[in-house]
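Analysis of the macromolecular model
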Amino acid sequence: TKDRKMKIFKFCIVLIFLLFSFLPYTSSSSEVYGEKLLFKKGHWEVVLLRYEDRSTACIARNGSGNKEFQIYVNADVDELAIFYDDSNVNETLKLFQFAVDDYASWYSENPFLDSGWLIMDLKSGSDKAVTDLIQEIRTGQELFHLDDNNKIISSFSLKGSAASISELVKCIEDQEF
């Protein structure tokens, strides 16, 4: 019976090993299947992403040059994110901090990184705070990405942001998020 217990134990270990070996291959994340441009004005555009698993996402983004600022919404998340093509500055930041024009800065003390994107979860803030933030972006002229010492890393033009956010809202409503 000791032999039998040992065989069962070894079998359980092998089973657990196999289970954890295949977990990365069963991830629920899906690759982008297609992208449809819904609107473009100034440096801003609104796109509908379709994924292989048939889920969708709406994005309002400003991608001028080697950097991108975006508002990303799908059925599960509402996020604000910044990416740089040729810099790892996002990896050095403890805060995700930015300001619109000369207004007070907005920040998240717990942003997360995903493939170089610095991301702020908009669902972590109050509805009023998110509404105020979106209103500043709609009516502002320039958004400044700030470092942990409140110094400007880069800026993004907000020309076209009001119309783009209106189109983003239409996309969100059409997708029933």
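Residues numbered from 1 in each chain as written. Predicted model: local features only at pLDDT ≥ 70, side-chain atom pairs only at ≥ 80, totals over all residues. Heavy atoms only, no water.

1. Structural notes on the pattern of salt bridges
- All told, the structure shown has four salt bridges when counted by the stated rule.
- Residues Arg 61 and Glu 35 are paired through a salt bridge, measuring 2.5 Å at the closest nitrogen-oxygen approach. In this pair, Arg 61 is assigned in strand E3 (residues 56–62) and Glu 35 in strand E1 (residues 32–41), connecting sequence segments 26 residues apart.
- Between Lys 128 and Asp 132 there is a salt bridge whose closest N-O contact spans 2.8 Å. Residue Lys 128 and its partner Asp 132 are located together in helix H3 (residues 127–139), separated by four residues, close to a single helical turn. (Salt bridge = Lys/Arg side-chain N within 4 Å of Asp/Glu carboxyl O. Helix = DSSP H or I, 4+ residues; strand = E, 2+ residues; numbered from the N terminus.)

2. Structural notes on H3
- Across its 13 residues, H3 extends 18 Å between first and last C-alpha, which sits within 8% of the 18 Å expected from 1.5 Å per residue.
- Of all the positions in H3, only Leu 133, Ile 134, Glu 136 and Ile 137 are classed as buried. Relative to the axis of H3, the buried residues are bounded by an arc of 155° and lie together on one face. Those residues of H3 that are exposed and aimed more than 90 degrees away from the buried face are Asp 127, Lys 128 and Thr 131. (Expected span 1.5 Å × (residues − 1). Buried < 20%, exposed > 50% of the residue type's maximum accessible area, 1.4 Å probe, protein only. Arc of directions from axis to C-beta.)

3. Concerning the pairing of strand E10 (residues 142–146)
- In terms of burial, E10 is largely enclosed, as four of its five residues are buried.
- Pairing between strand E6 (residues 96–100) and E10: four bridges, direction antiparallel. Directly across from Val 100, in E10, lies its bridge partner Leu 143.
- Two strands pair when backbone bridges link them, and E10 and strand E11 (residues 152–157) are joined in this way by five bridges, in the antiparallel orientation. (Pairing = 2+ DSSP bridges.)

4. What to know about unusual backbone geometry
- One non-glycine residue, Ser 115, lies in positive phi territory at about 50°.
- Relative to the helices and strands, Ser 115 resides in the loop between strand E8 (112–114) and strand E9 (117–121).
- With phi around 60°, Glu 176 is a residue other than glycine that occupies positive phi space.

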